[in-house]
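Report on the structure
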Amino acid sequence: MIEVEGVNFKCVVFDPNNRISRYIYSQEIIDRELSKYVESVKDGTALGRFNPPLLDENSEPYPTFYEINPLNCAFEITNLARKEDGSWEVEGNTLKTPYGEILKSLLVDGVRLKPTLLGTGNVDENNVVGDDFSLIAIDIMPEGTKE
């Protein structure tokens, strides 16, 4: 659930007790990658997209999927913190970009959206994310989207 206040929002990006994603991340991998990502938040370079294009096992990776182009960004992450229960909470501001305005309108209208982790690495046949996972960005997508 994404909480909204004007152009600001807050949501849980990882909860060890409630899977948000179809992928299964270990607490160790999440803590490692999100702890590194906190540095991007601190230096103001943590930007996210709304409803980015998705890859599946049948698609060929293309460079723009892994690039976070400022023209396609919808929000800036202003805080990322680990809670005592092992969950991670993200806070952000929508941007005055076309995608940011769309995201803001959807958030204000109460459309059900969810955060998603964009990264590279291997996933096994049970959707368990491998130790080689590397986080690239945190994006937001409509709930029900298969990432």
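Summarised in this report is the structure supplied together with it. Quick caveat: nothing in here was measured; it's all calculated off a predicted structure.

With respect to the pairing of strand 4 (residues 73-82)
One ladder, built from 3 bridges, connects strand 3 (residues 47-49) with strand 4; its direction is antiparallel. When the bridges of strand 4 are listed, Arg-49 appears paired with Cys-73. One ladder, built from 7 bridges, connects strand 4 with strand 5 (residues 88-94); its direction is antiparallel. Across the sheet, the residue bridging to Arg-82 is Trp-88, located in strand 5. Following strand 4, the chain reverses through 5 residues before pairing antiparallel with strand 5; Gly-86 in that reversal takes a positive phi of roughly 95 degrees.

Thoughts on the environment of Ile-68
You can see Ile-68 is positioned in the loop between helix 2 (63-66) and strand 4. Counting along the chain gives 19 residues from Ile-68 to Arg-49, while the straight-line C-alpha distance between them is 7.7 Å. With sequence-adjacent residues up to four places away left out, Ile-68 is seen in contact with Leu-47, Arg-49, Cys-73, Leu-118, Ile-136 and Ala-137.

Things to note about helix 1 (residues 27-42)
For an α-helix, the turn length of 3.6 residues means that residues three or four places apart are oriented alike. Taking 1.5 Å of rise per residue, the 16 residues of helix 1 would be expected to cover 22 Å, and the 22 Å separating its terminal C-alpha atoms lies within 8% of that figure. Within helix 1, burial applies to Ile-29, Ile-30, Asp-31, Glu-33, Leu-34, Tyr-37, Val-38 and Val-41. Taken together, the buried residues of helix 1 touch strand 2 (8-14), strand 3, strand 4, strand 5, strand 6 (113-120) and strand 7 (134-142). Gly-44, located one to two residues past helix 1, shows a positive phi value of around 75 degrees.

Rules behind the numbers
- Residues numbered from 1 in each chain as written.
- Predicted model: local features only at pLDDT ≥ 70, side-chain atom pairs only at ≥ 80, totals over all residues.
- Heavy atoms only, no water.
- Pairing = 2+ DSSP bridges.
- Helix = DSSP H or I, 4+ residues; strand = E, 2+ residues; numbered from the N terminus.
- Contact = heavy atoms within 4.5 Å.
- Expected span 1.5 Å × (residues − 1).
- Buried < 20%, exposed > 50% of the residue type's maximum accessible area, 1.4 Å probe, protein only.

Geometry only, nothing functional implied.
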